[in-house]
Amino acid sequence: MEGRGDTLGSLNESYSTPLAGRYNLDRPSDLRAAPPWHRLAYIIKALPAGLEPLANELRVPPDGRVLDYGCADAPYRRLFPPSVDYVGADLPGNPVASVEIGADGTVPVASESFDAVLSTQVLEHVEHPDLYLGECWRVLRPGGRMLLSTHGIMVHHPDPVDYWRWTCEGLRRVVSSAGFEVERFEGIMGLAATGIQLVQDGIWWRVARPLRPVVALLLQSIIAVVDRLQGPASRRHNALVFALIARKP
Ligand SMILES: C[S@@+](CC[C@H](N)C(=O)[O-])C[C@H]1O[C@@H](n2cnc3c(N)ncnc32)[C@H](O)[C@@H]1O
């Protein structure tokens, strides 16, 4: 069953899964074990592979504090040592989160109380990106860093809603406008590979269910080859996911 809570795009046209089921469905931890014939097989591997080196650039001290703002099932907790105080925040109803995000989108934690903020595949789901980024800035200590990833070009994937997409310049702009200095900016999965992904997404519901694994295996294999042809410079302009490190001065 396809779930509305799929991190990388539910493609669920019915969009009727009860909210209570969100945390059992197709979540990131399940996605990591996805087979090569999964419809998102390539980006499921490429995304964490792209984020891991960026997590090191957060330079979180061994006894530091990290806020995962929109944590779902905290797929990136493993990137930090157990000694790090890792706080997951999410909308009400997520048992993994220890902090509940308010109805106004703010996060009830003290200002300047974190060394790093993790925001992975959340910004596109947030009603007020400026408010959200303002909260990221507020909770960080001066000199603290944020790792943010969100979608450049991607199919609609509500969780529970899906509002935004960014160009490379637009994303830099909203992050800088919140007071951050963007230190590093990367694209994950370049334009040609993303184009093939979109073709697959576009035909997915027309393909007979027994044939879908074959279609996904074929197209995801092509995506893997095609994405090697496009370098980091190109991906920084057009990508399925943009990921950045930003510092609070
Ligand atoms: C696609 S999931 C990403 C989860 C996780 N960060 C990851 O990388 O797999 C989007 C997450 O954003 C959360 N979310 C939605 N609206 C939010 C908001 N206004 N503020 C913070 N988180 C929000 C959702 O509850 C969900 O956990």
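Quantities reported herein were computed from a predicted structural model and do not represent experimental measurements.

Thresholds, definitions, all that
- Residues numbered from 1 in each chain as written.
- Predicted model: local features only at pLDDT ≥ 70, side-chain atom pairs only at ≥ 80, totals over all residues.
- Heavy atoms only, no water.
- Core = buried A, V, L, I, M, F, W, Y, C linked by side-chain atoms within 4.5 Å.
- Buried < 20%, exposed > 50% of the residue type's maximum accessible area, 1.4 Å probe, protein only.
- Contact = heavy atoms within 4.5 Å.
- Helix = DSSP H or I, 4+ residues; strand = E, 2+ residues; numbered from the N terminus.
- Phe/Tyr/Trp six-rings, centres within 6.5 Å; stacked < 30°, edge-to-face > 60°.

J.: A description of the nonpolar core should follow, citing residues and the corresponding values.
T.: Counting 32 residues, the largest nonpolar core has Leu 67, Leu 133, Met 146, Leu 171 and Val 175 as its most contacted members. Discounting residues that sit within four places of it in the chain, Leu 67 has contacts with Val 87, Ala 89, Val 107, Phe 114, Ala 116, Val 117, Leu 118 and Val 139. The next biggest cluster of nonpolar side chains, apart from the first, holds 30 residues, and it includes Leu 58, Ala 116, Leu 118 and Met 189.

J.: Which residues make up unusual backbone geometry, and what values do they have?
T.: Put simply, Asp 159 and Pro 160 share a cis peptide bond, and its omega is -5 degrees. Of note, Pro 160 is situated in the loop between strand S5 (140-151) and helix H4 (168-177). Positive phi is not limited to glycine here, since Ala 72 has a value of about 50 degrees. On the basis of relative accessible area, Ala 72 is assigned to the buried category, the value being 9%. Positive phi is not limited to glycine here, since Met 189 has a value of about 75 degrees. Within the secondary structure layout, Met 189 lies in strand S6 (residues 181-190).

J.: So what about the packing of aromatic side chains? Which residues, and what values?
T.: Per the counting criterion, the structure on display carries four aromatic pairs. Here the aromatic rings of Tyr 163 and Trp 164 are separated by 5.9 Å at their centres, their planes lie at 40 degrees, and the arrangement is tilted. With relative accessibility at 34%, the residue Trp 164 sits in the partly exposed group. Measuring from ring centre to ring centre gives 5.2 Å for Phe 185 and Phe 242, while their planes differ by 40 degrees; the resulting arrangement is tilted. On the criterion of sequence distance, the pair formed by Phe 185 in strand S6 and Phe 242 in strand S7 (residues 239-247) is long-range, its members being 57 residues apart. Of the two residues, Phe 185 and Phe 242, neither departs from the other in class, the shared state being buried.

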